[in-house]
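Here is how the chains run, residue by residue.
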Amino acid sequence: MAVSDHVDLPTFMEGVKKRNPYQPEFVQAVQEVAEDIFDFMADKEQYHAQQILRRIAEPDRVVSFRVCWEDDNGNIRVQRGWRVQNNNAIGPYKGGIRFHPSVTESVLKFLAFEQTFKNALTGLPMGGGKGGSNFNPKGKSTREIMRFCQSFMTELYRHIGADVDVPAGDIGVGGREIGYMFGQYKRITNQFTGVLTGKGLEWGGSLIRTEATGYGAVYFLANMLATKSQDLVGKTAVISGSGNVATHAAEKIVQLGGKVLTLSDSGGFIHDPDGITQDKINWVKEHKTHRRGRIEEYVEAFPNATFHAGKTPWGVPCDVALPCATQNELLGEDAKTLVANGCIAVSEGANMPTDLDGVHAFKAAKILYAPGKASNAGGVAVSGLEMSQNSERRAWKEEELQQMLKDIMSGIHDSCIRYGDQGGGYIDYVKGANIAGFKKVADAMLAFGVV
Ligand code: GLU
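Below is a summary of the structure that appears in this document. (Residues numbered from 1 in each chain as written. Predicted model: local features only at pLDDT ≥ 70, side-chain atom pairs only at ≥ 80, totals over all residues. Heavy atoms only, no water.)

A word on the pairing of strand E10 (residues 320-323). Here E10 shows a buried face lined by Val 320 and Leu 322 and a second buried face lined by Ala 321 and Pro 323. Assessed by its sense of winding, the connection that carries the chain from E10 through helix H12 (residues 332-340) to strand E11 (residues 345-347) is right-handed. (Buried < 20%, exposed > 50% of the residue type's maximum accessible area, 1.4 Å probe, protein only. Helix = DSSP H or I, 4+ residues; strand = E, 2+ residues; numbered from the N terminus. Right-handed = clockwise from strand over helix to strand, strands pointing away.)

See below:
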């Protein structure tokens, strides 16, 4: 007879903190999930007895490795690389690779933990993982990027595989980097497999993968607004970031009749009261992705706009907000400001962009608030579809994929309502996403016994 360990939430979190010292992002991500799961588990003995949450919050493994490369001046540089394989109960580990100086083991553990729930929510068979390096791609030449990617893959290849672990892009890793990593994997293993997603269309990539995260976040937003019989026509939107997620979210907002007021990067944000139209979005894409410039230069091209150095855009009054930059970019005070200024819906394009105080402020105000693990799942969902196409050795049509993405986002929205409907017209999407994601992974783990 199993002796259940009914620790309460504070005691559980004490343990998480003790076992993960100096890993605040990971502790924060676990706390956000545990707050909802403890309530849900209250009358479900087997999840307690089998220590399911405790097991999901302990990665299956964390691989850490040295990445040496030579810069253009002949200097030898040493970086640290990681792959965190959090949980493969419902499918191969799946999740992006991030290259950014802020990357630490804590950041990647939080991302792999979140990814586990997000991937479960898509309904596709994918476990949760994440990887990356503290390598800073900013200012590096194309050949330096290539050498780094090759060196990174020279170690990573032994830990991944089409049925083992399938990485993709994330901050600092786009089509170019995936190309260099795929090339090196193929060279080492002599295998052409679906080991990475986000590939180029000529060599196994899927249509709409690039657009999917941003578009999906807006589809989710539209689903939330529809519960209040509203849509995006005429709504003002504040967006942070100016990378792949932010620019495609902006594009879809414009397509659905909304007006985008802001975009940002690490230097500050631009505010364009005329609205950031498709032409202007194209300019940003070209400027940020191909010329690798700063968002501040937007005001030279479009003089009606203003640049706000060192600031985030949350003080600009808006109807809807989409944080699409990075973790902890929207704090408690920002959340209160958005609500006070009349913001009715927030859809996260980034992973954990809102800190815990902010999450609590949105929940207290009972606005439509979607956590990234629900609203930004469109990217990894189309990655899952890319895996299916690779296994089938064929490519699906754009219309088919667009419809699948829409259906998956609606399915996630339905799951959130199922477990997050609080009555009185309020849906707690955080709770809904956490419980729906947890339940699928937890029930698979129960089937496997103690492993
Ligand atoms: N990095 C993206 C995410 O945060 C996509 C991961 C993937 O496609 O595997 O979900």
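Right, picking up where we left off after that structure.
In this section: the environment of Thr 337. Here Thr 337 shows up in helix H12. Judged by relative accessible area, which is 31%, Thr 337 ranks as partly exposed. With 23 residues separating them along the chain, Thr 337 and Trp 314 place their C-alpha atoms 7.2 Å apart. Once residues within four sequence positions are removed from consideration, Thr 337 is found in contact with Trp 314 and Gly 315. A distance of 2.8 Å separates a polar side-chain atom of Thr 337 from the backbone oxygen of Glu 333. (Contact = heavy atoms within 4.5 Å. Polar contact = N/O pair within 3.5 Å; in protein donor to acceptor, adjacent residues only side chain to side chain.)

Another point: H12. Within H12, burial applies to Gly 332, Asp 334, Ala 335 and Leu 338. An end-on view of H12 places all buried positions within 160° of arc, on one side of the element. Opposite the packed face of H12, turned more than 90 degrees from it, sit the exposed residues Glu 333 and Ala 340. In the core, the buried residues of H12 are packed alongside E10 and helix H13 (356-365). Looking one or two places after H12, you find Gly 342, whose phi comes out positive at around 95°. (Arc of directions from axis to C-beta.)

Turning next to the sheet that holds E10. One open sheet accounts for seven strands, arranged E9-E8-E7-E6-E10-E11-E12; its pairing is mixed. Taken across any chain shown, the strands that pair with only one partner, and hence form the sheet edges, are strand E9 (306-309) and strand E12 (368-370). Between one strand and the next, the sheet's axes are offset by a mean angle of 15°, whatever the strand orientation. (Pairing = 2+ DSSP bridges. Axes fitted to C-alpha atoms, helices over the stretch in contact; angles between N-to-C directions.)

In the structure shown here, the tally under the stated rule is 22 aromatic pairs. Their ring planes at 85° and their centres at 5.1 Å tell us that Phe 99 and Phe 148 sit as a pair that is edge-to-face. Separated by 49 residues along the polypeptide, Phe 99 in strand E3 (residues 93-99) and Phe 148 in helix H6 (residues 142-156) bring together distant segments of the chain. What makes Phe 99 buried here is its relative accessible area of 1%. We classify Phe 148 as buried; its relative accessible area is 0%. Ring centres of Phe 220 and Tyr 429 lie 5.8 Å apart, and the angle between their planes is 75°; on these two criteria the pair is classed as edge-to-face. Taken together, the positions of Phe 220 in helix H8 (residues 209-226) and Tyr 429 in helix H17 (residues 429-448) put the pair 209 residues apart, joining distant regions of the chain. For Phe 220, a relative accessible area of 0% corresponds to the buried category. Aromatic ring contacts, followed pair by pair, group Phe 65, Trp 69, Phe 99, Phe 135, Phe 148 and Phe 152 into a single cluster. One cation-aromatic arrangement involves Lys 44 over Phe 40; the distance from NZ or CZ to the ring centre is 4.1 Å. Over the aromatic face of Phe 26 sits the side chain of Lys 109, whose NZ or CZ is 4.6 Å from the ring centroid. (Phe/Tyr/Trp six-rings, centres within 6.5 Å; stacked < 30°, edge-to-face > 60°. Lys NZ or Arg CZ within 6 Å of the ring centre and 35° of its normal.)

Turning our eyes to something else, we now look at the site of the ligand. Contacts to the ligand come from 13 residues, most closely from Lys 94, Lys 118, Gly 169, Asp 170 and Ser 383. Separating an oxygen atom of the ligand from a side-chain N or O atom of Gln 115 is a distance of 3.1 Å. Contact distances for the ligand include 2.9 Å between an oxygen atom and a side-chain N or O atom of Arg 209. When the free accessible area of the ligand is taken as 290 Å², the share hidden by the protein chains comes to 95%. Listing elements by their share of the shell around the ligand, those giving two or more residues are E3, helix H5 (105-121) and helix H15 (378-392). The element that contributes the greatest number of residues to the shell around the ligand is E3, accounting for three residues. In terms of residue class, the shell around the ligand is built from two nonpolar, six polar and five charged. (Near = heavy atom within 4 Å. Areas by Shrake-Rupley, 256 points an atom, 1.4 Å probe, with all protein chains shown as cover. Nonpolar A, V, L, I, M, F, W, Y, C, P; charged D, E, K, R; others polar.)

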